[in-house]
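# Results of the structural survey
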Amino acid sequence: MKKKSNIIFLNGPSSAGKSTLARQIQSSMPQPFYYMAIDQYQLGVMPQKEQFFEIDLHEISMEMFYDAVKAHIDKGYDLILDDVIDSDAYDQYVKEALKEATVFWIRLECSLPILIQRELLRLDRKIDVENVTKQFHNLRPLKNYDLIIDSEHCDAVTNSAIVRKEFYHEAF
């Protein structure tokens, strides 16, 4: 019988610190957790040429990402997922994709001025303050999380320790 996958799902707007926290969690866990981020598909896999911009690359990258996630779940791998759930439809899509796994839902909280400040300092992708603002206002409702993390006032090391403690308390 295959092992059921455990997923630590980090949801928060762009520049909230999901990737930094994910890497810190990954390095602190006693068993392997594989890190997957939607940005890996949107920035690393999808075409970046302007002639393709009329194609809904977001939809395609989302499908590719969750197909890959489901393949990892089928193998019983534990995952840390980094994504932005900012609509009810996307929330339902993600829940359906993850239905065969045990999911520990985490929301990263950070004030909008700090998110914008962090966004303006990014060097790894195109700066998009409008998108950060939209994500901030449309993030999945607060009531549906196992843990809410303050990424504005606590660093990734502190937050990783909190996640690890709460994850093992909740999951086992």
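Quick note: structure is the one above.
Residues numbered from 1 in each chain as written. Predicted model: local features only at pLDDT ≥ 70, side-chain atom pairs only at ≥ 80, totals over all residues. Heavy atoms only, no water.

### Examining the nonpolar core
Counting residues in each nonpolar core, the largest one holds 23 residues, and the members touching the most others are Ile-7, Phe-9, Tyr-66, Val-69, Leu-81 and Leu-98. Residue assignment for this core shows that the elements contributing at least two residues are β1 (6-11), α3 (57-75), β3 (79-83), α4 (88-97) and β4 (102-109). The biggest single contributor to this core is α3, with six residues. Other than its neighbours up to four places away in sequence, Val-69 contacts Met-36, Leu-79, Leu-81 and Leu-98. Counting residues in hydrophobic clusters, the runner-up holds 22 residues, among them Leu-21, Ala-22, Leu-147 and Phe-167. (Core = buried A, V, L, I, M, F, W, Y, C linked by side-chain atoms within 4.5 Å. Buried < 20%, exposed > 50% of the residue type's maximum accessible area, 1.4 Å probe, protein only. Helix = DSSP H or I, 4+ residues; strand = E, 2+ residues; numbered from the N terminus. Contact = heavy atoms within 4.5 Å.)

### A closer look at helix α1 (residues 18-28)
Taken together, the buried positions of α1 are occupied by Lys-18, Leu-21, Ala-22, Ile-25 and Ser-28. Angular distribution of buried residues about the axis of α1 spans 135°; they occupy a single face of the element. (Arc of directions from axis to C-beta.)

### So, the sheet that holds β4
Taken in spatial order, the five strands line up as β2-β3-β1-β4-β5 in an open sheet, and their pairing is parallel. Lying at the two open borders of the sheet, with one neighbouring strand each, are β2 (34-37) and β5 (147-150). Going from strand to strand, the sheet's axes swing by 20° on average, the running direction of each strand aside. Taken together, the four bridges between β2 and β3 define a ladder with parallel strand orientation. Each residue of the ladder has a partner; that of Met-36, found in β3, is Leu-81. (Pairing = 2+ DSSP bridges. Axes fitted to C-alpha atoms, helices over the stretch in contact; angles between N-to-C directions.)

### Examining the pattern of salt bridges
By the definition in use, this model includes six salt bridges. A salt bridge links Lys-99 to Glu-96, with the shortest nitrogen-to-oxygen separation between them at 2.6 Å. For Glu-96, a relative accessible area of 48% translates into the label partly exposed. (Salt bridge = Lys/Arg side-chain N within 4 Å of Asp/Glu carboxyl O.)

### Focus: the packing of aromatic side chains
Counting across every chain of the model gives nine aromatic pairs. Taken together, a centroid distance of 5.7 Å and an interplanar angle of 90° make the contact between Phe-104 and Phe-167 edge-to-face. Taken as a pair, Phe-104 in strand β4 and Phe-167 in helix α7 (residues 156-171) lie far apart in primary sequence, 63 residues in all. Of the two residues, Phe-104 and Phe-167, both sit in the buried class. When the ring of Phe-167 is compared with that of Tyr-168, the centres are 5.0 Å apart and the planes differ by 80°; the resulting orientation is edge-to-face. Of the residues examined, Phe-167 reaches a relative accessible area of 1% and is grouped as buried. Here the aromatic cluster, defined as three or more aromatic residues joined through ring pairs, consists of Phe-33, Phe-104, Phe-167 and Tyr-168. (Phe/Tyr/Trp six-rings, centres within 6.5 Å; stacked < 30°, edge-to-face > 60°.)

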